[in-house]
Amino acid sequence: MFQYSLRYSIDYRTNTTVKDDKLLAFCRKGLVDNVTFFMNSEEINAGHLTSKETQVWLDAIEKISKRLTEIGVTTSLNPFSTIMHSDRGQVINPEIGFQPLVDMDGKVAQSMGCPDDETWRNYLVDCYGQYATIHPKELWLEDDFRHFNHSPLKLACFCTHHMKVYQEKLNRNISRADFVKEILQPGKPTAARKAYLDVARQEMIKTAHLIEIRVHQVSPETNLALMTSLPDWHALEGRNWQKLFTNLSGVDHPWIARPHLPAYNEIAPLKYSRTFEDYTRTTAAYLGDDAQLFPELENYMYSPFVKSLKFTQFQIETAALVGAKGILMNLFDMSGNGIDDEYHYSKMLAASKPFLNEITSRSLKMSKTRGIKILIDQNSSYTLQTTQGKDIDELLPNETKWAALLSTFGFSTTITPYENDMFLEKQILAISGQLLRNLTVKQISQILNDNVVLLDGESVQVLLDKKLGDLLHIVSAKWYKVRSGYQTFESADGLMIEGVTDPRISMLQHTGDYLQLEYSEGDEVWTSAYNEFDQRLGNVMTLIDKHILIMPMNQDHKYGWEAQYIGFKQGLYQRMLDSIVGVDYLIGMPNTKLVVTEQDGLILWVANFTLDDYNQITWHPAKKIGSDKATVVMRYENQCVKKEVTLKQIDDKIVIPISLPHMSLVQIRIETERDKTYLDPKP
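Residues numbered from 1 in each chain as written. Predicted model: local features only at pLDDT ≥ 70, side-chain atom pairs only at ≥ 80, totals over all residues. Heavy atoms only, no water.

A.B. asks: How do you make sense of the overall build of the protein chain when you look at a structure like this?
C.D. replies: When its secondary structure is counted, the protein chain shows 16 helices and 36 strands. The globule rule puts the C-alpha radius of gyration for 683 residues at 26 Å, and the 26 Å found for the protein chain is close to it. By principal-axis analysis of the C-alpha atoms, the protein chain measures approximately 75 × 70 × 45 Å. In the protein chain, buried positions account for 62% of the 683 residues. Looking at the protein chain alone, contacts between residues at least 24 apart form 76% of all its contacts between residues at least 6 apart. Accessible surface for the protein chain amounts to roughly 26,200 Å². Of this, 49% is attributable to carbon and sulfur atoms. (Helix = DSSP H or I, 4+ residues; strand = E, 2+ residues; numbered from the N terminus. Rg over C-alpha atoms; globule rule 2.2 N^0.38 Å. Buried < 20%, exposed > 50% of the residue type's maximum accessible area, 1.4 Å probe, protein only. Contact = heavy atoms within 4.5 Å. Areas by Shrake-Rupley, 256 points an atom, 1.4 Å probe, with all protein chains shown as cover.)

In structure tokens form, the structure reads like this:
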């Protein structure tokens, strides 16, 4: 069963029986399974509370939770802060008395605690022990349990205590300013960067472990759960996902997380599709198939003026694409107004519940997804090299660009955390950013030799830095900046795509810099770079040795790969991959996401991240499916509909005769035996 968990804020000073009655009625009508109560939240947040102040909140929540229990709704607890999200004019209570957080520029927080201050750590452990006394189903740690995004401060912590710790690790005295400079220093990573990341990683694991011990002493049945933020920024604080969740969960408790859903306000669904890969699917990949995921649905600052019901519903339903067990919904404000029935959320939730229950009865497991594997690594901030050494975001890994691009192009993809003992062969891999710096020469050679591999310009540069250009037959390489007056467009000479001969794609703007590569042999050039005078400048998209696809661009700091999102590029990737390997993708359905899983039979998950409607689903399968029958599971208004359909094969395409309306998800079940020869390269 798909779990609806409603995050809900009361103000114990102004709460009424009427508000409680409306909450219970909303849970009944909206089929809500759990209420996760905020404590001390947002507009009514009074900073870090004493034990006496905390108890008033717990007493009020426990009173309401008894009524919820009577109607079969469980209760969880969401204290609003650990370190504290941001400074809001409050100061640390002298009675509590921990030391404040200090950022990389030396700015001192007013209300936010240093994450390695023992007074703060003991205070937080005591708080969680007190929270556990009401025995919540889940007890959450907020996503301010991190070293970044503590407004108005930057990355932390660089207080006097932390500087002493860093100096001990380096075995030398160093000022805060020089330490930060060394963290960001261009070229090979420094000992200072490793010291910062090691300390940040371990101190959060230590705190999580102590909280787990205390909570389970008080309430053994309570599950501890963590709200997460942006995975690339978590890499910048050295997060070790496995060790952190192991220490937080303890023995005989599941890993429970709230991945970020990247749209607090309504955005274009096709934009949401891309950021969904960067944040939600990436977090799910790090946590693995066995974790219980409750992605965060937040409509800040609330009401349908912030986000339409249709978009909210689409976010909830597409949470199934990460194998979510349920959804954690922040639908109403956090200042204690309670339920607003004019938002009409209960009807929307009730309409989606039967559909979600049905499709998650065969929950999506990312490890069982076939298609292109995008490699990521939680340790990349340790190894990547900066170019300017000026901004902290230079330490952010850029490893999910292929995930956003290829899934938008309708390819079935999954995201795979790379581990040192991992052996990959006969797979399609997509690698971007500087991930290859984490691998040995032997590991890199094995990956490039034994797989179909897509590489971007940054990845190629890493190979050049490691003196491995011969693996790609590179004889020369030179970077040209975007908008430099050199390259202006890319052309697929001699090809017709979408009815256009020799189609052109911009290299002028909204894309990264161009790495001009020349090869000695084994290259099959598919596109070339040109200037405004139609003069050919060099190779762009190239196949090396029939199994390595080079897209020699990095990403623009502001625009990423926006210029790459065009049908001509979709057609190129389809043709290039088709020429060497079987691959799953959709045809004629821009911005529609496909996930193909091999579990409980063959299952297709197809989600339309546009405002356009499609009359049918056209799928290019990676291999023969051995069946012409399928069951389609869809939602029609408030009904879950299961429809038997006959698949129609046309050349190498399969037509699934159902419509796919805008912002909708369907599940297609094809009962057939698994073919374990998947991804053997074509002869």
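A.B. asks: Looking at this structure, how should I read the packing of aromatic side chains?
C.D. replies: Under the criterion given, the structure shown has 32 aromatic pairs. Taking the centre distance of 6.2 Å and the plane angle of 90 degrees together, the rings of phenylalanine 2 and tyrosine 4 count as edge-to-face. Using a relative accessible area of 0% as the deciding quantity, one classes phenylalanine 2 as buried. An angle of 50 degrees between the planes, with centres 5.9 Å apart, marks the rings of tyrosine 272 and phenylalanine 276 as tilted. Residue tyrosine 272 and its partner phenylalanine 276 are located together in helix H9 (residues 269-287), separated by four residues, close to a single helical turn. Phenylalanine 276 shares its class with tyrosine 272; the two are buried. The structure contains a cluster of three or more aromatic residues connected by ring pairs, namely Tyr272, Phe276, Phe311, Phe314 and Phe609. The ring of tryptophan 241 has arginine 239 sitting right over it, with the charged end atom 5.1 Å from the ring centre. Above the plane of the ring of tyrosine 4 lies lysine 353, whose end atom (NZ or CZ) is 4.6 Å from the centre. (Phe/Tyr/Trp six-rings, centres within 6.5 Å; stacked < 30°, edge-to-face > 60°. Lys NZ or Arg CZ within 6 Å of the ring centre and 35° of its normal.)

A.B. asks: Before we go on, may I ask you to explain the packing of H9 against helix H10 (residues 309-318) in this structure?
C.D. replies: Angle between the axes and distance between the axes are the two parameters that describe a pair of packed helices. Closest axis-to-axis distance for the H9/H10 pair is 12 Å, and the angle between their directions is 30 degrees. By the angle between their axes, H9 is roughly parallel relative to H10. For H9 against H10, the interelement crossing comes out right-handed. Of H10, the residues touching H9 (which contributes Pro269, Tyr272 and Phe276) are Phe311, Gln315 and Thr318. (Axes fitted to C-alpha atoms, helices over the stretch in contact; angles between N-to-C directions. Parallel < 35°, antiparallel > 145°, perpendicular 65-115°, else oblique. Left-handed = near helix turned anticlockwise from the far one by under 90°.)

A.B. asks: Would you mind showing me how to read the sheet that holds strand E28 (residues 585-586) here?
C.D. replies: Taken together, the four strands give an open sheet; going across it, the order is E28-E31-E35-E34, and neighbouring strands pair in antiparallel fashion. Both edges of this open sheet fall to E28 and strand E34 (648-650), since each of them pairs with a single strand only. Note that E34 and strand E35 (residues 653-656) share three bridges and pair antiparallel. Residue pairing in the sheet places lysine 648 in a bridge with valine 655 of E35. (Pairing = 2+ DSSP bridges.)

A.B. asks: Looking at this structure, how should I read helix H14 (residues 441-450)?
C.D. replies: Helical geometry note: an α-helix holds 3.6 residues per turn, so side chains three or four residues apart project in the same direction. Looking at H14, one finds that the buried residues are Gln443, Ile444, Ser445, Gln446, Ile447 and Leu448. Close packing links the buried residues of H14 with strand E15 (428-431), strand E16 (452-456), helix H15 (457-465) and strand E27 (548-551).

A.B. asks: Where do I start with the packing of helix H1 (residues 17-30) against helix H2 (residues 51-70) in this structure?
C.D. replies: Orientation of H1 relative to H2, taken along the N-to-C sense of each, is 35 degrees, at an axis distance of 11 Å. In terms of crossing hand, the pair formed by H1 and H2 is right-handed. Counting all contacts with H1, which are made through Thr17, Asp20, Asp21, Leu23, Leu24 and Cys27, the residues of H2 involved are Ile64, Arg67 and Leu68. Looking at the contact of H1 with H2 residue by residue, the class counts come to five nonpolar, one polar and three charged. (Nonpolar A, V, L, I, M, F, W, Y, C, P; charged D, E, K, R; others polar.)

A.B. asks: Before we go on, may I ask you to explain the nonpolar core in this structure?
C.D. replies: Taken as a class, soluble globular proteins show a tendency for nonpolar side chains to be buried jointly. Core analysis: the biggest nonpolar cluster contains 142 residues, and Phe37, Ile316, Trp402 and Tyr573 have the highest contact counts within it. Here this core takes seven residues from helix H3 (residues 118-131), the largest share from any one element. Setting aside chain neighbours within four positions, we find isoleucine 316 in contact with Phe2, Tyr4, Leu297, Ile327, Met329, Met348, Leu349 and Leu356. (Core = buried A, V, L, I, M, F, W, Y, C linked by side-chain atoms within 4.5 Å.)

A.B. asks: Even after reading the chapter, I still don't get the state of the cysteines, so can you show me in this structure?
C.D. replies: Here, the word disulfide means a covalent bond between the sulfur atoms of two cysteines. The tally for this structure, following the rule as stated, stands at zero disulfides. The cysteine cysteine 157 is free of any disulfide, with cysteine 159 supplying the nearest cysteine sulfur at 3.7 Å. (Disulfide = S-S within 2.5 Å.)

A.B. asks: Teacher, can you tell me more about the pattern of salt bridges here?
C.D. replies: Inspection of the entire model under this criterion finds 34 salt bridges. Arginine 13 is paired through a salt bridge with aspartate 11; the nearest N and O atoms lie 2.8 Å apart. Owing to a relative accessible area of 52%, arginine 13 belongs among the exposed residues under this scheme. Taken together, the shared-partner salt bridges connect Arg7, Glu142, Asp143, Arg146, Arg258, Glu296 and Glu298 into one network. (Salt bridge = Lys/Arg side-chain N within 4 Å of Asp/Glu carboxyl O.)

A.B. asks: Sorry, what's going on with a negative patch on the surface here?
C.D. replies: Among the surface-exposed residues, Glu518, Glu521, Asp523 and Asp545 lie close enough to one another that they form a single negatively charged patch. Position of glutamate 521 relative to the elements: it lies in the loop between strand E22 (514-519) and strand E23 (523-525). For glutamate 521, a relative accessible area of 48% gives the class partly exposed. (Patch = residues over 30% accessible without salt bridge, like charges linked within 9 Å, V, L, I, M, F, W, Y side chains within 5 Å. Lys, Arg positive; Asp, Glu negative; His and termini not counted. Charge placed at Lys NZ, Arg CZ, Asp CG, Glu CD.)

A.B. asks: Would you mind going over the sheet that holds strand E12 (residues 369-370) with me for this structure?
C.D. replies: Across a sheet, paired strands are connected by hydrogen bonds in the backbone, their directions being either parallel or antiparallel. With antiparallel pairing, six strands are arranged side by side in an open sheet as E12-E29-E30-E36-E32-E33. Each having just a single partner strand, E12 and strand E33 (639-646) make up the two edges of the open sheet. Of the pairings in the sheet, the one linking strand E29 (residues 592-598) to strand E30 (residues 602-608) comprises seven bridges and is antiparallel in character. If you follow glutamate 598 over to E30, its bridge partner there is leucine 602. Sitting on the sheet, helix H11 (residues 345-359) is in contact with E30, strand E32 (629-636), E33 and strand E36 (664-670), with an inclination near 155 degrees to E32.

A.B. asks: What should I look at first to understand the pairing of strand E25 (residues 536-539) in this one?
C.D. replies: The two faces of the sheet receive side chains in turn, since in a regular strand these alternate between them. Direction of pairing for strand E24 (residues 528-530) relative to E25: antiparallel, over a ladder of three bridges. Each bridged residue has a counterpart across the sheet, and for tyrosine 530 the counterpart in E25 is arginine 536. The loop that links E24 with its antiparallel partner E25 comprises five residues; one of these, aspartate 534, has a positive phi angle of about 60 degrees.

A.B. asks: Explain the side chain of aspartate 116 to me, please; I cannot follow it from the model alone.
C.D. replies: The residue aspartate 116 is located in the loop between strand E5 (108-113) and H3 in this model. On the basis of relative accessibility, which here comes to 16%, the residue aspartate 116 falls in the buried class. Here the side chain of aspartate 116 touches arginine 121 through a polar contact of 2.9 Å, side chain to side chain. Excluding anything up to four places from it in sequence, aspartate 116 contacts Arg121, His161, His162 and Glu203. (Polar contact = N/O pair within 3.5 Å; in protein donor to acceptor, adjacent residues only side chain to side chain.)

A.B. asks: What am I meant to see in the environment of glutamine 639 here?
C.D. replies: Tracing the backbone shows glutamine 639 in strand E33. For the pair glutamine 639 and serine 352, spaced 287 residues apart in sequence, the C-alpha to C-alpha distance is 8.0 Å. Within the structure, the side chain of glutamine 639 is placed 3.2 Å from the side chain of asparagine 638, a separation counted as a polar contact.

A.B. asks: I would appreciate a short explanation of the confidence of the model for the protein chain in the present structure.
C.D. replies: Detailed reading of the predicted model is not advised wherever pLDDT is low. Taken as a whole, the protein chain shows an average pLDDT of 96; of its residues, 98% reach a score of 70 or greater. Confidence over residues 674-683 falls short of pLDDT 50; this stretch has 23 contacts with residues more than four positions distant or in other chains. (pLDDT = per-residue confidence, 0-100.)

A.B. asks: Please clarify how H11 should be interpreted in this entry.
C.D. replies: The terminal C-alpha atoms of H11, which comprises 15 residues, lie 21 Å apart, in line with the 21 Å expected from a rise of 1.5 Å per residue. Taken as a whole, H11 carries its principal kink of about 35 degrees at lysine 353; the proline proline 354 stands between one and four residues after it. For H11, the set of buried residues is Tyr345, Ser346, Met348, Leu349, Ala351, Ser352, Lys353, Phe355, Leu356, Asn357 and Ile359. (Expected span 1.5 Å × (residues − 1). Bend = angle between axes of the 7 residues up to and from the residue.)

A.B. asks: Could you clarify how one ought to interpret the environment of valine 666 in this entry?
C.D. replies: Mapped onto the secondary structure, valine 666 falls in strand E36. A residue is classified by how much of its surface remains accessible, and valine 666, at 3% relative accessible area, is buried. On a C-alpha basis, the gap between valine 666 and glycine 30 in space is 22 Å, while along the polypeptide they are 636 residues apart. Sequence-distant contacts of valine 666, defined by excluding residues within four places in its chain, comprise Leu604, Trp605, Val606, Ile617, Val632, Val633, Met634, Ile658 and Leu660.

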